[in-house]
Amino acid sequence: MMKKIKIVFLLLMSGLLVQAQQPLSLTDAISKALENNYDIILAKGDQQIAGIRNNWGTAGRYPYINLSASDNNSLAIQEGDNSVSNRFSGGASLSWTIFDGFSVKISKARLDELENLSKNNTATMVEGTIQSIILAYYDVLLQQEKLVTYEEVMNLSNDRYEREKQRKEYGSAVTYEVLQAQNAYLEDRASYLLQEVAHKNAKRNLAYLMAEKENFDYELSDKFEPALEDYLLADLQSQMLENNKSLQTQYVNLRLLDNQISSAKSAYSPYLDFSGGVTGTSTRLKPGEQDASWSKNATLYGNFTLGWNLFSGGNRKRAVQIAEIDRELGDVQLADMQHDLTNRLANLYEFYEVRKELLVLAKENLAAARLNMQISREKFESGAINSFNYRDVQQIYLNAAQGELQAIYYFIDAQTSLLRLAGVIVQQYE
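It should be emphasised that the depicted structure is a prediction, and the values quoted were computed from it without experimental measurement. (Residues numbered from 1 in each chain as written. Predicted model: local features only at pLDDT ≥ 70, side-chain atom pairs only at ≥ 80, totals over all residues. Heavy atoms only, no water.)

**Regarding the overall build of the chain**
- Check the secondary structure of the chain and you find 11 helices and six strands.
- Expressed as a percentage of the 430 residues in the chain, the buried residues total 33%.
- Surface exposure of the chain reaches about 26,300 Å², of which carbon and sulfur atoms provide 54%.
- The chain carries 43 positive and 54 negative side-chain charges, and their two centres are separated by 4 Å. (Helix = DSSP H or I, 4+ residues; strand = E, 2+ residues; numbered from the N terminus. Buried < 20%, exposed > 50% of the residue type's maximum accessible area, 1.4 Å probe, protein only. Areas by Shrake-Rupley, 256 points an atom, 1.4 Å probe, with all protein chains shown as cover. Lys, Arg positive; Asp, Glu negative; His and termini not counted. Charge placed at Lys NZ, Arg CZ, Asp CG, Glu CD.)

**Points about helix α8 (residues 245-266)**
- Over its 22 residues, α8 runs 31 Å from end to end, which matches the ideal 32 Å to within 8%, given 1.5 Å per residue.
- Turning to α8, its buried residues number three or more, namely K245, L247, T249, Q250, V252, L254, L256, L257, N259, I261, A264 and S266.
- Lining the buried residues of α8 we find α5 (103-169), α7 (233-243) and α9 (315-382).
- For α8, the N-terminal capping position is held by N244, with its side-chain oxygen 3.0 Å away from the main-chain nitrogen of S246. (Expected span 1.5 Å × (residues − 1). Contact = heavy atoms within 4.5 Å. Polar contact = N/O pair within 3.5 Å; in protein donor to acceptor, adjacent residues only side chain to side chain.)

**Section: the packing of α7 against α9**
- Close contact between α7 and α9 brings their axes to 11 Å; oriented N to C, the two are set at 145°. Regarding α7 and α9, the two cross each other, and that crossing is right-handed. Here L233, L236, Q237, M240 and L241 of α7 come into contact with α9, specifically with Q338, L341, T342, L345, A346 and Y349.
- Considered class by class, the residues forming the contact of α7 with α9 number eight nonpolar, three polar and no charged. (Axes fitted to C-alpha atoms, helices over the stretch in contact; angles between N-to-C directions. Left-handed = near helix turned anticlockwise from the far one by under 90°. Nonpolar A, V, L, I, M, F, W, Y, C, P; charged D, E, K, R; others polar.)

**Observations regarding the confidence of the model for the chain**
- With 92% of its residues at a pLDDT of at least 70, the chain reaches an overall mean of 87.
- For the stretch residues 1-19, pLDDT sits under 50, and the model shows zero contacts to residues farther than four places along the chain or on other chains. (pLDDT = per-residue confidence, 0-100.)

**Structural notes on the environment of S275**
- In this fold, S275 is placed in strand β5 (residues 271-287).
- Among residues more than four places away in sequence, those in contact with S275 are L94, S95, Y301, G302 and N303.

**Section: the packing of aromatic side chains**
- Per the stated rule, a full pass over the model turns up nine aromatic pairs.
- Consider the rings of Y231 and Y352, whose centres lie 5.4 Å apart with planes at 50°: the pair is tilted. Placement of the pair is Y231 in the loop between β4 (219-220) and α7 and Y352 in helix α9, with a sequence separation of 121 residues. As far as the burial class goes, Y231 and Y352 line up, both buried.
- Taken together, the ring pairs connect Y137, Y138 and F224 into an aromatic cluster.
- Its guanidinium or amino end placed over the ring of W56, K108 lies 5.4 Å from that ring's centre, counting from NZ or CZ. (Phe/Tyr/Trp six-rings, centres within 6.5 Å; stacked < 30°, edge-to-face > 60°. Lys NZ or Arg CZ within 6 Å of the ring centre and 35° of its normal.)

**Considerations on the environment of N309**
- Looking at the element boundaries, N309 is found in the loop between β6 (293-307) and α9.
- In this structure N309 comes out as partly exposed when scored by relative accessible area, which is 37%.
- Along the backbone, N309 and Y271 are 38 residues apart, and their C-alpha atoms lie at a distance of 9.0 Å.

**Some remarks on a nonpolar patch on the surface**
- On the surface, W96, I98 and F304 cluster together into a nonpolar patch covering about 330 Å² of accessible area.
- Relative to the assigned elements, I98 resides in strand β3 (residues 81-100). (Patch = residues over 30% accessible without salt bridge, like charges linked within 9 Å, V, L, I, M, F, W, Y side chains within 5 Å. Salt bridge = Lys/Arg side-chain N within 4 Å of Asp/Glu carboxyl O.)

**With respect to the pattern of salt bridges**
- Inspection of the entire model under this criterion finds 17 salt bridges.
- For the salt bridge of D112 with K108, the shortest nitrogen-to-oxygen distance reads 2.9 Å. Of the two residues, D112 and K108 are both situated in helix α5; the distance of four residues between them amounts to about one turn of the helix.
- Residue D340 is joined to R344 by a salt bridge in which the shortest nitrogen-to-oxygen separation is 3.8 Å. Pair noted here: D340 and R344 are both in helix α9, with a separation of four residues, about one helical turn.
- Residues participating in the shared-partner salt-bridge network are D159, R163, R377 and E381.

**A few points about the packing of α5 against α8**
- The N-to-C vectors of α5 and α8 enclose an angle of 165°; their axes lie 9 Å apart at closest approach. In this view, α5 runs roughly antiparallel relative to α8, as classed from their interaxial angle. The crossing of α5 and α8 is left-handed. Between α5 and α8, the residues in contact are I106, A109, R110, E113, L114, N116, L117, N120, A123, T124 and E127 and K245, Q248, T249, V252, N253, R255, L256, N259, S262, S263 and S266, respectively.
- Partitioning the contact of α5 with α8 into residue classes produces seven nonpolar, 10 polar and five charged. (Parallel < 35°, antiparallel > 145°, perpendicular 65-115°, else oblique.)

**Considering the environment of A136**
- Looking at the secondary structure, you find A136 in helix α5.
- Exposure remark for A136: the relative accessible area of 5% places this residue in the buried category.
- In this structure, A136 is in contact with N205, L206 and L209, ignoring residues within four places of it in sequence.

**Some remarks on the side chain of E127**
- Relative to the assigned elements, E127 resides in helix α5.
- Given a relative accessible area of 3%, E127 falls into the buried group.
- When neighbours within four sequence positions are excluded, E127 is seen to be in contact with K245, R420, G423, I425 and V426.

**A few points about the nonpolar core**
- Ranked by internal contacts, the top residues of the largest apolar core, which has 49 residues, are I133, I134, Y137, Y138, L206 and F224.
- Mapped onto this core, the elements with two or more residues apiece are α2 (26-36), α5, α6 (175-209), α7, α8, α9 and α10 (387-421).
- Residue contributions to this core peak at 11 residues, all from α5.
- Not counting residues within four places of it along the chain, the set of residues in contact with F224 comprises Y138, L141, L142, E145, L405, I408 and Y409.
- Within the second largest apolar cluster, 20 residues are counted, among which are Y161, Y185, Y397 and L398. (Core = buried A, V, L, I, M, F, W, Y, C linked by side-chain atoms within 4.5 Å.)

Pasting the structure below:
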């Protein structure tokens with residue numbers, strides 16, 4: 001009876017484990033990462049701050065209004081006569097820079113570009129996260145497929161080891177052959193255990209990128225297969241010049257440098273300020289035993305100030321010159337960046353094409369190694385080849401299987417890097 005209860009308990013536990021294992025597609029993994037990834041949350045926070053700062057009030061368009069109030073009390077003690085004085089005062093003041101060489105408009109344009117720069121930084125972070133998720137997702141599949149391969153070879157070695165032990169019992173095999181089979185099995189078993197660790201580590205890395213804190217054992221639903229696509233280098237280059245986030249960030253920096261020139265030139269313009277307000281005072285005076293007396297007054301004022309800095313030791317001229325040089329250097333940096341990205345795109349494109357051909361070769365190599373493995377197993381079981389030859393064929397098959405899996409991952413890596421450099425990785429996985 002107790003044995004049946006244990007069996008039912010184990011079945012229930014296994015069912016719970018199966019329920020806890022949720023399917024996870026690549027699209028779902030990307031969505032989770034874009035929503036929960038720590039770096040993206042920080043980048044979006046910086047973008048939100050930049051959006052709050054981007055306001056006409058920050059740029060200085062609106063006036064400043066201040067209110068003030070005070071209550072001053074005094075007691076004058078004299079021989080035989082004390083006097084009390086209470087003074088209440090309040091006021092409101094307004095200060096407003098009406099014109100300052102279009103500096104308000106220039107400051108607002110700068111705030112616009114700073115917000116755009118923050119958006120580009122967030123977009124760059126999103127691109128990097130998508131690329132990391134893709135590689136981490138397929139790395140889990142890679143380690144999983146490798147684990148299957150190691151298990152297959154380990155099972156073959158175990159079968160051989162069991163067969164040799166049986167042969168020894170019947171006197172058709174010697175201890176040397178049994179030890180050889182045992183060593184091969186133990187070696188394959190050790191490789192399998194190490195691969196289990198690699199598989200678990202890959203899953204932890206994927207969970208970290210998704211900021212997944214709960215210990216769910218996801219079942220990756222996408223297959224470990226590459227999407228073979230044919231790209232034209234000219235199309236990729238056109239997309240890169242339009243969509244690459246590094247270039248877009250540089251375009252924003254150039255507009256900020258233009259804004260810096262305008263700001264330096266605005267220092268040559270006059271400025272017009274206005275200040276106005278109202279103040280009021282109410283004073284109560286009570287000398288000794290006499291009745292208290294009150295006095296009240298109010299003052300309104302409004303003042304305009306027009307100023308123009310005609311000469312400042314050449315500082316304004318030097319500021320304009322420096323800003324213009326910075327703008328020219330920005331153009332040089334843009335040309336250098338475009339040239340560098342064009343070269344990198346060409347290199348990645350050729351690398352992608354080579355990876356595609358290597359993938360085809362790896363598949364053909366695996367097919368030949370698998371067929372050779374089947375034939376060699378039959379020959380080994382029939383005694384046509386010895387255990388050394390059979391072990392060599394096993395290693396060739398293992399290397400071919402691992403090479404084919406690694407070729408798939410390298411191809412996905414090259415494809416992902418190519419799409420990110422072209423600036424279309426977000427559109428590709430929307």
